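Report on the structure
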Amino acid sequence: MSTSPRDWSSHPPYVYPDYKSTVLRGPTRPLIPLKHTLSERTGPVYGHDSLGALDNDLTRNGRRNGEPLGERIVVTGRVTDEAGRPVRNTLVEVWQANAAGRYVHKVDQHDAPLDPNFLGGGRCVTDDEGRYRFYSIKPGAYPWGNHHNAWRPNHIHFSLLGPSIATRLVTQMYFPGDPLLDLDPIFQGTPEAARSRLISKFSIDVTEPSFALGYVFDIVLRGASATPMEV
Amino acid sequence: MAFRQTPSQTVGPYFAYGLTPQQYGYDFASIATPVVADETVSGQRIRIVGRVFDGAGAPVNDAMIEIWQADGQGRYAAPGGASNAAFRGFGRCGTGTDPQNRYFFDTVKPGAVGDGQAPHVAVTVFMRGLLTHAYTRIYFSDEAEANAGDPVLASVPAERRDTLIAKREEGDSGIVYRFDIHMQGERETVFFDV
Ligand SMILES: [Fe+3]
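Residues numbered from 1 in each chain as written. Chains lettered and ligands numbered in written order. Predicted model: local features only at pLDDT ≥ 70, side-chain atom pairs only at ≥ 80, totals over all residues. Heavy atoms only, no water.

1. Here's the deal with the overall build of chain B
When helices and strands are counted, chain B shows three helices and 10 strands. Walking chain B from its N terminus toward its C terminus, one meets helices and strands in the order α-β-β-β-β-β-β-α-α-β-β-β-β. Computed over the C-alpha atoms, the radius of gyration of chain B is 17 Å, within 12% of the 16 Å expected from 2.2 N^0.38 for a compact globule of 194 residues. Dimensions of chain B, computed from C-alpha atoms along their principal axes, come out at roughly 55 × 40 × 40 Å. Counting only residues that meet the buried cut, chain B has 59% of its 194 residues in that class. Put simply, of all contacts in chain B between residues at least 6 apart along the chain, 66% involve residues at least 24 apart. The positive charge centre, built from 17 side chains, and the negative charge centre, built from 23, are 2 Å apart in chain B. (Helix = DSSP H or I, 4+ residues; strand = E, 2+ residues; numbered from the N terminus. Rg over C-alpha atoms; globule rule 2.2 N^0.38 Å. Buried < 20%, exposed > 50% of the residue type's maximum accessible area, 1.4 Å probe, protein only. Contact = heavy atoms within 4.5 Å. Lys, Arg positive; Asp, Glu negative; His and termini not counted. Charge placed at Lys NZ, Arg CZ, Asp CG, Glu CD.)

2. Re the sheet that holds strand β4 (residues 121-125) of chain A
Residues and elements named next belong to chain A. The strand order β4-β3-β8-β9 describes an open sheet built from four strands, whose pairing is antiparallel. Looking at strand neighbours, the two that pair on one side only are β4 and β9 (169-174), the edges of this open sheet. Across the sheet, the axes of successive neighbouring strands diverge by a mean angle of 25°, strand direction being ignored. In terms of strand pairing, strand β3 (residues 91-96) meets β4 through five bridges, oriented antiparallel. In the sheet register, W95 faces β4, and the bridge partner there is G121. (Pairing = 2+ DSSP bridges. Axes fitted to C-alpha atoms, helices over the stretch in contact; angles between N-to-C directions.)

3. Points about the layout of surface pockets
Counted as a void, the largest pocket has a volume near 610 Å³. The residue makeup of the lining of the largest pocket, split by class, is 12 nonpolar, 10 polar and five charged. (1 Å grid on protein atoms, 1.4 Å probe; cavity = no way out; pocket = protein on both sides within 12 Å on 5 of 7 lines; lining within 4 Å. Points joined across faces, edges and corners; volume = space filled by probe spheres on them. Nonpolar A, V, L, I, M, F, W, Y, C, P; charged D, E, K, R; others polar.)

4. With respect to the interface of chain B and chain A
The interface of chain B with chain A comprises 73 residues on the first partner and 86 residues on the second. Where chain B abuts chain A, roughly 6900 Å² becomes buried across the two surfaces, and 56% of that area is made up of carbon and sulfur atoms. Here chain B is connected to chain A by five salt bridges. Its salt-bridge partner being E93 of chain A, residue R92 of chain B comes within 2.7 Å of it at the nearest N-O pair. (Buried area = accessible area lost by both parts, 1.4 Å probe. Salt bridge = Lys/Arg side-chain N within 4 Å of Asp/Glu carboxyl O.)

5. Section: the coordination of the iron ion
Ideal coordination angles are 109.5 degrees for a metal with four donors arranged tetrahedrally and 90 or 180 degrees for a metal with six donors arranged octahedrally. Residues and elements named next belong to chain A. Around the iron ion, the donor atoms from the protein are Y103 (OH), Y142 (OH), H155 (NE2) and H157 (NE2), and they sit 1.9 to 2.2 Å away. Coordination at the iron ion is irregular, judged from the four donor atoms that bind it and the angles of 91 to 160° they form at the metal. Spacing between the donor residues of the iron ion along the chain follows Y-x38-Y-x12-H-x1-H. Taken as a pair, Y142 in strand β6 (residues 142-144) and H157 in strand β8 (residues 155-160) lie far apart in primary sequence, 15 residues in all. Both residues of the pair, Y142 and H157, count as buried. (Donors = N, O, S within 2.8 Å, 3.2 Å for Na, K, Ca; no water. Tetrahedral: all angles 85-135°; square planar, octahedral: opposite > 155°, others 65-115°.)

6. Notes on a nonpolar patch on the surface
A cluster of nonpolar side chains, namely V15, V23 and L24 of chain A, defines an oily patch on the protein surface of about 200 Å² accessible area. Structurally, V15 of chain A is set in the segment before α1 (22-25). (Patch = residues over 30% accessible without salt bridge, like charges linked within 9 Å, V, L, I, M, F, W, Y side chains within 5 Å. Areas by Shrake-Rupley, 256 points an atom, 1.4 Å probe, with all protein chains shown as cover.)

7. Points about the packing of aromatic side chains
Across all of its chains, the model carries 20 aromatic pairs over all chains by this definition. Ring centres of Y17 of chain B and Y26 of chain B lie 5.8 Å apart, and the angle between their planes is 65°; on these two criteria the pair is classed as edge-to-face. Given the relative accessible area of 11%, Y26 of chain B is considered buried. Here a set of aromatic residues connected by ring pairs shows up, and it is made of Y103 and Y142 of chain A together with Y14, Y17 and Y26 of chain B. Above the ring of W144 of chain A, the side-chain terminus of R152 of chain A is found at 5.9 Å from the ring centroid. (Phe/Tyr/Trp six-rings, centres within 6.5 Å; stacked < 30°, edge-to-face > 60°. Lys NZ or Arg CZ within 6 Å of the ring centre and 35° of its normal.)

8. Observations regarding the pattern of salt bridges
This model, assessed by the stated rule, comprises 23 salt bridges over all chains. Ionic pairing is found between E40 of chain A and R137 of chain B, a salt bridge with its closest N-O pair at 2.8 Å. Of the two residues, E40 of chain A is situated in helix α2 (residues 38-41) and R137 of chain B in strand β6 (residues 134-140); the pairing between them involves two chains. Residue R137 of chain B is classed as buried on the basis of its relative accessible area, which comes to 1%. Residues participating in the shared-partner salt-bridge network are K109, D142, E143, R168 and E170 of chain B.

9. A few points about the nonpolar core
Residue and element names in this part refer to chain B. Counting 32 residues, the largest nonpolar core has I65, Y103, V125, I138 and I181 as the members making the most contacts within it. For this core, the secondary-structure elements that each account for two or more residues are β1 (45-53), β2 (63-68), β4 (102-108), β5 (120-127), β6 and β8 (174-178). Broken down by element, this core gets its largest block of residues, four residues, from β5. (Core = buried A, V, L, I, M, F, W, Y, C linked by side-chain atoms within 4.5 Å.)

10. Quick notes on the confidence of the model for chain A
Looking at chain A as a whole, its pLDDT mean stands at 95, while 97% of the residues score no less than 70. Residue range residues 227-231 of chain A is modelled with pLDDT below 50. Its contacts to residues more than four positions away, or to other chains, number 10 contacts. (pLDDT = per-residue confidence, 0-100.)

11. Details of the pairing of β2 of chain B
Residues and elements named next belong to chain B. Burial runs high along β2: six of the six residues are buried. Burial along β2 is two-sided: the face carrying A63, I65 and I67 and the face carrying M64, E66 and W68 are both buried. Pairing between β2 and β5: six bridges, direction antiparallel. The partner of I67 across the bridge, within β5, is V123. Here β2 pairs with strand β3 (residues 90-94) via five bridges, running antiparallel. Bridge pairing in β3 places I67 opposite G91.

12. Considering the environment of C93 of chain B
Residue and element names in this part refer to chain B. Among the secondary structure elements, C93 is positioned in strand β3. On the accessibility criterion, C93 (0% relative accessible area) is buried. Linking C93 and Q23, residues 70 residues apart in sequence, is a C-alpha distance of 7.6 Å. Apart from residues lying up to four places away in sequence, C93 is in contact with Q23, P34, A63, M64, I65, Y103, F104 and F105.

Here is the structure:
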């Protein structure tokens, strides 16, 4: 079965000059339409057996001599297609800065402390209802060089495979009420009507008493093309 | 209730410890690496290597390339496909660990799938500054006859087809196909609306 097209009214354009790196990196020629073949209708499968025991718990998978610092969070949501059907058994990979806004990555030069007990990378697989769930630490905001006094809002990077390479999605989850969202060219590069889909919701029901604040982030991947598109 | 697609966002510059941790030396297992086929997989062993260039002609040192391909007999390791258990056919490589910012994949040359397409590899490109990933394909320079009959290549303006053809080189270490990706400029690689 083929996959519905990328909804370009939902995705950012390749060149969005306020985000300076796009100017020399985004393709400038029109994309060539490609009628899906077996190559686009298939993709790699990673199930639960691909996961390490602590992959879904970023509060534990980087520990050396204690607990990571920061606000514990639990993040969950449903991965569905555009008809609301669950996307089952699909890999969800996440990575993020620590509570101080610092990435472990070697080229991150931000003058904020590394946390010896926090790596910031994890992964999980969706269940039969398309649900995923992982534990982490709320990531801090961090400065970047795009423009004077530029700060990225708190965010967690997400990577999803879905059923085929056509459903591949890399995105970022933001947090509700973040004043930096209005000032962030990466978030603002998203068409206005679609931006709210990138912001997670705080949930007292997901929140675990005396342990971790709960956030819900549902994700919609491209679906089967037989499905009429809802507007 | 409307279910609209979740917008794409850039992979950013710091994807390595999440998506390609082993390659970059982090203490976290990778689910996919530049080694797509080890010695146990049958087929013609090849290395695909290349660089990613921005619109100023500078090599990009923080891109991530993914490939998806059939095995040497044209079989995808996918549900419903005649899969080859030893071969997943999926690889990932960042451009930040090589001094020349090359990416590489050690794999087997894919066979034709049998639907009239020439042997090819599906490529997905991610990087800082790319808000939505880009899709392209690798074809092989020594498959001129099959390439001439390939419907996807035929849909590409003739003067741009060359951007999709990896050049075969035979070196001491074996067969290498060189495939550079140009994000912009006169030789801008053909990207598909997959
Ligand atoms: Fe980030």
